[in-house]
Amino acid sequence: MSVPHEAKPRTTAVVLAGGTGQRVGLAIPKQLLKIAGKAVIEHTLASFEQAESIDDVIVLMAPGFVPEVERIVARAGLTKVTRIIEGGSTRNETTERAIAALGEGLAEGEDRNVLFHDAVRPLLSQRVIQDCVDALERYQAVDVAIPSADTIIVTRTHGEDGEFIADVPDRSRLRRGQTPQAFKLSTIRRAYEVAAGDPNFQATDDCSVVLKYLPDVPIYVVAGDEYNMKVTQPVDVFIADKLFQLASSAAPRQADETAYRELLAGRTLVVFGGSYGIGADIAELAEQYGARVFALGRSTTGTHVENPEHVDDALAQAYAETGRIDYVINTAGVLRIGKLAETDNATIEEALKVNYLAPVHIARASYKYLAETKGQLLLYTSSSYTRGRAEYSLYSSTKAAMVNLTQALSDEWAGDGIRVNCVNPERTATPMRTKAFGAEPAGSLLSSEAVARTSLDVLLSDLTGHVVDVRQQDPTREASEATGFEQALASVLDRQEDV
C-alpha cells in the first residue's frame, strides 16, 4: 500500500519596504527610486514573480505610499502580489504586521514557509531564493550571508579622545548578513511572541529574534551573493544602476518549433537593416515561422534609415498591407574607424545620422503602431558600449546611446504596453565587420544566425528595458553556472577588447 506524499507548504515572500529614503537624501522612499528604468521595488518583486518556488508575495510598504506600489504592481502585471499593506514605524513592528497577515485564513496546525526580504535589495538571484526554500525543508530558520572581505574591528570610546580599537575578531568566521531571511511561519511567530515579554526588545533583523528568544532553534546559513547589495547610501544608487546595466539578461527560449510558429503566425515584423547580416537572418527566421516580414535596406529596397521620410513610408506601407505592426527591429549601422581629430565632417555626420538619429526616428515613428498591438521595439548596441576605445569614439558612443535610449523608452512607454529592449552581441561575423577588419580566424566570432535566434527570443518574451547579451559559450563552463555578477564582470573585461 503506497503512502501519500505530504503536500509541500505554501511559500510566501514578504517584501519589507518600510524605509523612508532619508539616508539616500530623497523626498520619497528609496524603494520607489528608479534604477535601470524601473522602481527599485519593481525589480525586487520581479525576482519573486519569476521564482517557481514562490507561491505569493505580500508587500509591507511605508505609510502613505501604498497606492504607488499598487500602480507599479498593476502596470507590471505582477500576479503573485496578493496584498500590499502599510508597514509599522519600526522593522519589528513591520514584521509583526506581516506575521499577522500571514496567519489569516490558516487552518489549525497549518504552517507555511515565509521569506522576509528587503525591498531595497533589487539584485536578488533565483539561486538564493531557491536555496532558501530548499533549506526550509530541513531547518526552521535560514539566513543568507557572505564572507567579509574587510577586517572588522570592535571599538571603544574614550571620552572626548574618540574611538579606539578594542578587539579584532577572526575574519574567517565573520559573515555579512543579507536577505532573504526564511522561516517556518510557526517559528518566527513564536519568536516574536516570546520577545513581546521583553520590555527592552529591539532588533534590526528577524534571525536575531530567533537566535535570542528561541536559542534551541538552529539557524542555517545559505551562501549569498556579493551583488545582492542593499541600496542605502547615495553611492549605492549609482552602483546598483551600473550593475543592472552591465549584468546580462537571458531571453527565455520557446519550448519547440511549434511554439515559435504559434507566437509568430499572423504577426508583422518591420526590419530596418534587413538587407544582410543579422537583420536578414531575423527576417528569414520569422518568415519561416509564419510572420509577415518587411525587410528594408539600402541595397534591397532603397530604404535609408537616416531619412525620416523613408522610415515613415516603410512603416505606413507595412501597416497598410497587414493592418498591424507587432515588432520593429533596427539592425542598421555603420562602423567608421579613425582618430576623431582626423575625421572629416561628412563621416561624423553619417555616423551620427545612421547610428543615433535613425533609431530615434524609427522609435518615434513606430510608437503609434506598437501602442496598438502592445508590441516591441528592438535595438542593437555593441559590446564596446561600456567603455570607449581609441579610434572607435563615434561608434562606441552612439552604441552606448542605444542602451540609454532603450532604458528611457521602456519606462516612457510602459504605460502603453510597449516593450523596448536592446541586444548586445559579442563580436559577430557580419558583412559590416568583415569590411572593417577583413577575414578573422574561424570560430572567433558569433554567427549572425545565433544573434538572430536570440533576437527572436527577446521579441517573444515579456522583457522590457533590458540589455540582452549574446555571447559565445565557453565549452568548459555553462553560462548558468556563473552568477549574474560574475557575468557582468566578464562582460566588462571582454568589452575592453571587443568592438
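About the thresholds
- Residues numbered from 1 in each chain as written.
- Predicted model: local features only at pLDDT ≥ 70, side-chain atom pairs only at ≥ 80, totals over all residues.
- Heavy atoms only, no water.
- Helix = DSSP H or I, 4+ residues; strand = E, 2+ residues; numbered from the N terminus.
- Buried < 20%, exposed > 50% of the residue type's maximum accessible area, 1.4 Å probe, protein only.
- Contact = heavy atoms within 4.5 Å.
- Areas by Shrake-Rupley, 256 points an atom, 1.4 Å probe, with all protein chains shown as cover.
- Pairing = 2+ DSSP bridges.
- Axes fitted to C-alpha atoms, helices over the stretch in contact; angles between N-to-C directions.
- Expected span 1.5 Å × (residues − 1).
- Salt bridge = Lys/Arg side-chain N within 4 Å of Asp/Glu carboxyl O.
- Lys, Arg positive; Asp, Glu negative; His and termini not counted.
- Polar contact = N/O pair within 3.5 Å; in protein donor to acceptor, adjacent residues only side chain to side chain.
- Patch = residues over 30% accessible without salt bridge, like charges linked within 9 Å, V, L, I, M, F, W, Y side chains within 5 Å.
- pLDDT = per-residue confidence, 0-100.
- Disulfide = S-S within 2.5 Å.

**Q** Would you take a moment to explain the overall build of the protein for this structure?
**A** Within the protein one finds 16 helices and 19 strands. Residues classed as buried in the protein amount to 49% of the 499 residues present. Excluding contacts between residues fewer than 6 apart, the proportion of contacts in the protein whose partners are at least 24 apart in sequence is 74%. Put simply, the protein shows about 24,200 Å² of open surface, and 50% of that area lies on carbon and sulfur atoms.

**Q** How do you make sense of the sheet that holds strand 13 (residues 292-296) when you look at a structure like this?
**A** Read across the open sheet, the 6 strands follow the order 13-12-14-15-16-19; overall the sheet is parallel. At either margin of the open sheet sits one strand with a lone partner, and together these are strand 13 and strand 19 (467-470). Across the sheet, the mean angle from the axis of one strand to that of its neighbour is 20°, orientation sign disregarded. Relative to strand 19, strand 16 (residues 419-425) is paired through 4 bridges, and the arrangement is parallel. Paired with Cys422 across the bridge in strand 19 is Val467.

**Q** Explain helix 15 (residues 448-459) to me, please; I cannot follow it from the model alone.
**A** Along an α-helix, a turn takes 3.6 residues, which lines up residues three or four apart on a common side. An ideal rise of 1.5 Å per residue puts 16 Å on 12 residues; helix 15 measures up with 16 Å between its terminal C-alpha atoms. Within helix 15, 10 of the 12 residues are buried, leaving the element largely enclosed by the surrounding structure. Within the sequence span of helix 15, burial applies to Ser448, Val451, Ala452, Arg453, Thr454, Ser455, Leu456, Asp457, Val458 and Leu459.

**Q** Please explain the environment of Leu185 as it appears in this structure.
**A** Position of Leu185 among the secondary structure elements: in helix 5 (residues 185-195). In contact with Leu185, other than residues within four places in its own chain, are Ile99, Leu102, Gly103, Leu106, Asp111, Arg112 and Val114.

**Q** For this particular structure, what's the right way to read the pattern of salt bridges?
**A** Should their charged atoms come close, side chains of opposite charge can pair. Scanning all chains against the criterion turns up 21 salt bridges. With its nearest N and O atoms 3.3 Å apart, the salt bridge here joins Asp118 to Arg91. Here Arg91 lies in helix 3 (residues 91-103) and Asp118 lies in strand 6 (residues 113-118), a separation of 27 residues in the sequence. In this structure, Glu350 engages Arg336 in a salt bridge whose closest nitrogen and oxygen atoms are separated by 3.0 Å. Residue Glu350 is found in helix 12 (residues 345-373), and its partner Arg336 is found in the loop between strand 14 (327-330) and helix 12; the two are separated by 14 residues along the sequence. Overlapping salt bridges bring together Arg91, Asp118, Arg121, Asp206 and Lys230 as one network.

**Q** Got a minute to help me understand the side chain of Asp143 in this structure?
**A** Within the fold, Asp143 resides in strand 7 (residues 141-147). No salt bridge is formed by the buried Asp143; its nearest oppositely charged neighbour, Arg121, is found at 8.5 Å. Polar contacts involving the side chain of Asp143 include one to the side chain of Gln181, which spans 3.3 Å. In this view, Asp143 contacts Gln178, Pro180, Gln181, Cys207, Ile219, Tyr220, Val221 and Val222; residues no more than four positions away in its chain are not counted.

**Q** Just checking my understanding: could you explain unusual backbone geometry for this structure?
**A** Trans peptide bonds make up most of the peptide bonds, and negative phi angles are found at most residues other than glycine. With an omega of 15°, the peptide bond running from Thr179 to Pro180 counts as cis. Following the sequence through the fold, Pro180 ends up in strand 10 (residues 175-184). Even without a glycine there, the phi angle at Lys374 is positive, about 55°. Inspection of the secondary structure puts Lys374 in the loop between helix 12 and strand 15 (376-380). Judged by its relative accessible area of 47%, Lys374 is partly exposed. A positive phi angle, close to 75°, is found at Glu391, a residue other than glycine. When you line up the elements, Glu391 lands in the loop between strand 15 and helix 13 (393-412).

**Q** Help me understand a nonpolar patch on the surface, please; the structure alone is not making it clear to me.
**A** Nonpolar side chains collect at one region of the surface, where Ile153, Ile165 and Val168 lie side by side and expose about 270 Å² of accessible area between them. By the secondary structure assignment, Val168 is in the loop between strand 9 (163-167) and strand 10. Since its relative accessible area comes to 45%, Val168 is described here as partly exposed.

**Q** It is not clear to me how the confidence of the model for the protein should be interpreted in this structure. Could you clarify?
**A** The predicted coordinates should not be examined in detail at positions where pLDDT is low. Across the protein, the average pLDDT comes to 87, with 86% of residues at 70 or higher. In the predicted structure, residues 474-485 sits below a pLDDT of 50 and forms 14 contacts with residues beyond four places in sequence or in another chain. Per-residue pLDDT stays below 50 along residues 489-499; that stretch engages in 32 contacts with residues further than four places along the chain or on separate chains.

**Q** It is not clear to me how the state of the cysteines should be interpreted in this structure. Could you clarify?
**A** Disulfide: a covalent bond connecting the sulfur atoms of a pair of cysteines. Under the criterion given, the structure shown has 0 disulfides. In this model Cys132 remains outside any disulfide bridge; the closest cysteine sulfur is found in Cys207, 9.3 Å from its own. Residue Cys132 is classed as buried on the basis of its relative accessible area, which comes to 0%.

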